[in-house]
Amino acid sequence: MFSTYREKDVKILLKDITGLVKPLGTAEREKLIQSGHHYSEMLPIEYEPSEKYLKTYFNALKRYAKITAAAVKSVSEQIFLEKGKKIVLVSLARAGTPIGILIKHYLEQNLPCTVEHYTISIIRGVGIDKNAINFILKRHFPTEIQFVDGWTGKGAIQRELKAAMRDFPEISAGLAVLSDPAGISEKFGTHEDFLIASSCLNSTVSGLLSRTFLRSDIIGENDFHGAAFYSELREKDLTYQFIDEIEKNFADAPKINKSAVKINSGLEEVKKIAADFKISDINLIKPSIGEATRVLLRRLPWKILVQSLHDENLEHLYQLAEEKGVKVEVYPLKNYKACGLIQKIADN
């Protein structure tokens, strides 16, 4: 296990590429991505949070622990109702992995079922790791499989998953998430765009694993997609601190507000934002608190849109934006509480 996840919690179907790929800075990566290189062909230099930012993270974790636990409970019960006594969770690395562990723990502690949990790679514009899917299918019935992620942005990964499952029609492409503001997931905790605290950090809340990687000079035809292990960050690892904090709230998790999607879909809202800000490529628009956080952590942000400049639940975004000198602007968001806009790099 090249991670800090416990072996009993998840089987990691990823190739260890630690030390094989030189991480690149944000500006260099952004230039390469916007000039046509795929983001999966490179790794970012990991953001190491400041003490001030870590304080906002811990505050956010405490504030959102109960609703996160309630969302885990809700989506776990939906999975059990459909799948029954044998469940195979397949979380989408890396953000889906700690969520998959939380769902596994809830199911095992509260419902009469056995749960296997794998984490595999899916890459926007490339597809799912077919070697990993075939590995799972050799061991389990396709009807037992449930895909898991943390939240939806504009639904790109759900659409990627649906396209990938055309090659595996016996497997349901339905996604289970905690927060579904895009209104596209099959199973969800709520449509509310709430902060899943794990989105505030990178590898230090994801078993010290990098985002997934795919490049033909390193990943062979029969290999799983790759990921690197940041062992040097071991003393800063908060993976199980996050998981344990949410689990403490399982017993008294409040009744969750399922809430309705405000407009037809997240994609519709993204198209309106694109029109209002004259953005031709919607891949530069990242809606939801989780996606806006990712933009600040590992992309080159242009600005962050929020419903309000005085929302205590967005403190971590305000702090990150201040550290990185990024403008935060009020915009009448409907399905989302925040949205990140990526800087367009001029062609020259």
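One can find the structure itself at the top, above this paragraph.
Residues numbered from 1 in each chain as written. Predicted model: local features only at pLDDT ≥ 70, side-chain atom pairs only at ≥ 80, totals over all residues. Heavy atoms only, no water.

Applying the stated criterion across every chain yields a total of 18 salt bridges. Of the charged contacts, one joins glutamate 46 and arginine 94 as a salt bridge, the two residues approaching to 3.7 Å between their closest N and O atoms. With a gap of 48 residues between them, glutamate 46 in the loop between helix H1 (26–34) and helix H2 (51–83) and arginine 94 in the loop between strand E3 (86–92) and helix H3 (96–110) connect regions that are remote in the sequence. According to the relative accessible area criterion, glutamate 46 is buried, its value standing at 13%. Accessibility expressed as a relative area gives 8% for arginine 94, which makes it buried. Among the salt bridges present, the one from arginine 215 reaches aspartate 217, with a minimum N-O distance of 2.8 Å. Several salt bridges converge on common partners, so that one network encompasses Glu82, Lys83, Glu186 and Lys187. (Salt bridge = Lys/Arg side-chain N within 4 Å of Asp/Glu carboxyl O. Helix = DSSP H or I, 4+ residues; strand = E, 2+ residues; numbered from the N terminus. Buried < 20%, exposed > 50% of the residue type's maximum accessible area, 1.4 Å probe, protein only.)

Over the atoms rolls a probe the size of a water molecule, and its path tells where empty space is left. Inspection of every chain in the model, using the stated rule, returns four cavities of 30 Å³ or more. The volume enclosed by the largest cavity comes to roughly 640 Å³. Ile157, Arg211, Glu291, Arg294 and Arg298 are the residues nearest the centre of the largest cavity, which is lined by 31 residues in total. Of all elements in the fold, only H1, strand E5 (122–123), helix H5 (156–164), strand E11 (285–287) and helix H8 (289–298) reach the threshold of two or more residues within the lining of the largest cavity. In terms of residues, the lining of the largest cavity owes the most to one element, H8, which gives four residues. For the lining of the largest cavity, a count of residues per class yields 14 nonpolar, six polar and 11 charged. (1 Å grid on protein atoms, 1.4 Å probe; cavity = no way out; pocket = protein on both sides within 12 Å on 5 of 7 lines; lining within 4 Å. Points joined across faces, edges and corners; volume = space filled by probe spheres on them. Nonpolar A, V, L, I, M, F, W, Y, C, P; charged D, E, K, R; others polar.)

Where H8 contacts helix H9 (residues 315–324), the two axes come as close as 10 Å, and the packing angle between them is 20°. What the angle tells us is that H8 and H9 run roughly parallel. Two packed elements cross with a definite hand, and for H8 against H9 that hand is left-handed. Every residue of H9 that contacts H8 at Ile289, Ala292, Thr293, Leu296 and Leu297 is listed here: His316, Leu317, Leu320, Ala321 and Lys324. Looking at side-chain class alone, the contact of H8 with H9 contains seven nonpolar, two polar and one charged residues. (Axes fitted to C-alpha atoms, helices over the stretch in contact; angles between N-to-C directions. Parallel < 35°, antiparallel > 145°, perpendicular 65-115°, else oblique. Left-handed = near helix turned anticlockwise from the far one by under 90°. Contact = heavy atoms within 4.5 Å.)

Aromatic ring pairs: the centre-centre distance and the angle between the two ring planes describe each pair. Considering all chains together, one arrives at seven aromatic pairs under this definition. Ring plane angle 90° and centroid distance 5.2 Å describe the contact between tyrosine 106 and phenylalanine 250, whose orientation is recorded as edge-to-face. One end of the pair, tyrosine 106, is in helix H3; the other, phenylalanine 250, is in the loop between helix H6 (239–247) and helix H7 (266–276), and 144 residues separate them in sequence. For the pair shown, tyrosine 106 and phenylalanine 250 are each scored as buried. With a centroid separation of 6.4 Å and an interplanar angle of 75°, the aromatic rings of tyrosine 118 and phenylalanine 135 are classed as edge-to-face. (Phe/Tyr/Trp six-rings, centres within 6.5 Å; stacked < 30°, edge-to-face > 60°.)

This part takes up H7. Restricting attention to buried positions, one finds in H7 the residues Gly266, Glu269, Val270, Ile273 and Ala274. Axial view of H7: buried residues confined to an arc of 145°, hence all on one face. When the buried face of H7 is taken as reference, the exposed residues oriented beyond 90 degrees from it are Lys271 and Ala275. Against the buried residues of H7 lie E11, strand E12 (301–306) and strand E14 (338–342). (Arc of directions from axis to C-beta.)

Attention now moves to the nonpolar core. Grouped burial of nonpolar side chains is what soluble globular proteins tend to show. Counting 71 residues, the largest nonpolar core has Tyr57, Ile87, Ile103, Leu178, Leu201, Phe242 and Ile246 as its most contacted members. For this core, the secondary structure elements donating two or more residues are H2, E3, H3, strand E8 (175–179), H6, H8, E12 and H9. Tallying contributions element by element places H2 first for this core, with 15 residues. Apart from residues no more than four positions distant in its own chain, leucine 201 is found in contact with Pro49, Tyr53, Leu54, Tyr57, Leu238 and Leu297. Listed in part, the 22 residues of the second largest apolar core include Ile122, Ile133, Met165 and Ile171. (Core = buried A, V, L, I, M, F, W, Y, C linked by side-chain atoms within 4.5 Å.)

To continue, consider the sheet that holds E8. Reading across the sheet, the six strands line up as E1-E4-E3-E7-E8-E9 and stay open at both edges, with parallel pairing between neighbours. Of all the strands in the sheet, just strand E1 (11–12) and strand E9 (187–190) have a single pairing partner and so form its edges. Taken together, the three bridges between E8 and E9 define a ladder with parallel strand orientation. Looking across to E9, one finds that serine 179 is bridged to threonine 190. Against the sheet, helix H4 (residues 130–137) touches E3, strand E4 (114–120) and strand E7 (145–148), its axis set at about 160° to E4. (Pairing = 2+ DSSP bridges.)

Summarising the element assignment, serine 50 is placed in the loop between H1 and H2. Sequence spacing of serine 50 and lysine 236 is 186 residues, and the spatial spacing of their C-alpha atoms is 12 Å.

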